[in-house]
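# Reading the structure
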Amino acid sequence: MADKKGEKIPRHIAIIMDGNGRWAKKRLLPRGAGHRAGMNRMIGLAEHVFDCGVSYCTLFALSTENLSRPQEELEGLFSLFREYFPANTERLKKKSIRLRVIGDRALLPPDIVGLIAEGEAYTADGTRGTLALAIGYGGRQDILAAVNEAVRRGREVTMEEFSALLATGDMPEPDLLIRTGKELRISNFLLWQAAYSELYFTDVLFPDFSDKELDKAIEAFGRRERRYGKL
Ligand code: IPE
Ligand code: IPE
Ligand code: MG
């Protein structure tokens, strides 16, 4: 954990970006408008996270289960991705933030996989922090893939070795896990990695989750006492 102005800053923040659809519904807009508003918010929020001194940020953008949503919604999401991804990658590069994408790429359209590979390569030398975007990601799928890899290795693995086999293998575990959009659940996000994350739930819908709201979450984190089961 870093320390900024005497405040406890999480080293890794993970965010379940939920509530885009309800944000649109409240405004009598189609769900896609909510996804666009969410996309508009995402990059600015990510930049603010790193400005706060956080080194790793994982954003849950699309779960494995979300891929069973109607084709029209998925097409809309992928179109937004195609539209926003290049400019956002450029912004990350300028800020020296390394992008990586976690999730099963076999589930994504090939051109999106191409954009991801380009974005990762383009930002690979970023030293200020790592932004992991979870797309087509599921916590159970992540664990299962790691188990299968361990089985292929043909021997038992330690806890550390197992953690390293997960999609987030080279990242520390999240210190703070935030969920926007009112629901009080993990929805198959970082199941193994969040074992000792501090949880922060807010009713604020993701497109409205401002820099100030993030600051509130970090402040709340600063007041938590992490015991890890010890006295
Ligand atoms: C989160 O917003 C973004 C994705 C899961 C793609 P939702 O689309 O789940 O929004 P709500 O929960 O319906 O409001
Ligand atoms: C969780 O939101 C996944 C993402 C935000 C990417 P969902 O909207 O899919 O979660 P549920 O269906 O409410 O559990
Ligand atoms: Mg939702």
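Quick look at the structure, then. (Residues numbered from 1 in each chain as written. Chains lettered and ligands numbered in written order. Predicted model: local features only at pLDDT ≥ 70, side-chain atom pairs only at ≥ 80, totals over all residues. Heavy atoms only, no water.)

### A word on the overall build of the protein chain
For the protein chain, the helix and strand inventory stands at seven helices and eight strands. Along the first, second and third principal axes, the C-alpha atoms of the protein chain reach 50 × 45 × 35 Å. Burial statistics for the protein chain: of 231 residues in total, 49% are counted as buried. A fraction of 77% describes how many contacts in the protein chain between residues 6 or more apart in sequence connect residues 24 or more apart. Split by element, the accessible area of the protein chain, about 11800 Å² in all, is 54% carbon and sulfur. (Helix = DSSP H or I, 4+ residues; strand = E, 2+ residues; numbered from the N terminus. Buried < 20%, exposed > 50% of the residue type's maximum accessible area, 1.4 Å probe, protein only. Contact = heavy atoms within 4.5 Å. Areas by Shrake-Rupley, 256 points an atom, 1.4 Å probe, with all protein chains shown as cover.)

### Some thoughts on the sheet that holds strand β3 (residues 12-16)
Pairing is parallel in the open sheet, where six strands are placed in the order β5-β6-β4-β3-β7-β8. Both outer strands of the open sheet, β5 (97-102) and β8 (198-201), are each paired with one neighbouring strand and no more. Each strand axis lies, on average, 20 degrees off the axis of its neighbour in the sheet, ignoring direction. Strand contacts of helix α3 (residues 71-94): β4 (56-63), β5 and β6 (129-137), with the helix running at about 150 degrees to β5, the strand carrying the most contacts. (Pairing = 2+ DSSP bridges. Axes fitted to C-alpha atoms, helices over the stretch in contact; angles between N-to-C directions.)

### Side note on the site of ligand 1
Around ligand 1, a shell composed of Met17, Asp18, Gly19, Asn20, Gly21, Arg22, Arg31, His35, Ala61, Leu62, Asn66 and Arg69 is seen. Between ligand 1 and the protein, one listed contact pairs an oxygen atom with a backbone N or O atom of Gly19 at 3.5 Å. Arg31 has a polar side-chain atom sitting 2.8 Å from an oxygen atom of ligand 1. Of all elements in the fold, only α1 (20-26), α2 (31-51) and β4 reach the threshold of two or more residues within the shell around ligand 1. (Near = heavy atom within 4 Å. Polar contact = N/O pair within 3.5 Å; in protein donor to acceptor, adjacent residues only side chain to side chain.)

### Some points on the site of ligand 2
Around ligand 2, the neighbouring residues are Ile16, Met17, Asp18, Phe60, Ala61, Leu62, Ser63, Asn66, Arg69, Arg179, Arg185 and Ser187. Arg185 places a polar side-chain atom, nitrogen or oxygen, 2.8 Å from an oxygen atom of ligand 2. In this structure, Ser187 approaches ligand 2 through a side-chain N or O atom, which is 2.6 Å from an oxygen atom. Considered on its own, ligand 2 offers 390 Å² of accessible surface; in the complex 79% of this is hidden by protein. The element that contributes the greatest number of residues to the shell around ligand 2 is β4, accounting for four residues. Looking at the shell around ligand 2 residue by residue, the classes come out as five nonpolar, three polar and four charged. (Nonpolar A, V, L, I, M, F, W, Y, C, P; charged D, E, K, R; others polar.)

### So, unusual backbone geometry
Located in the positive-phi region is Leu28, a residue other than glycine, with phi close to 55 degrees. Residue position: Leu28 is located in the loop between α1 and α2. With a relative accessible area of 79%, Leu28 lands in the exposed category. Of note, Lys182 is a non-glycine position whose phi angle comes to about 80 degrees, a positive value. Along the chain, Lys182 falls in the loop between β7 (176-179) and β8.

### Digging into the nonpolar core
Among soluble globular proteins, nonpolar side chains are generally buried collectively. In this structure, Ile13, Leu59, Phe81, Leu131, Leu133, Ile178 and Leu214 are the most contacted members of the largest nonpolar core, which totals 45 residues. No other element matches the eight residues that α3 contributes to this core. Setting aside residues up to four positions removed in sequence, Leu214 forms contacts with Ile13, Leu45, His48, Val49, Cys52, Ile178 and Phe209. Formed by 10 residues, the second largest nonpolar core is a distinct cluster that contains Ala14, Phe60, Tyr137 and Phe189. (Core = buried A, V, L, I, M, F, W, Y, C linked by side-chain atoms within 4.5 Å.)

Keep in mind that these numbers describe shape and distance, not what the molecule does.
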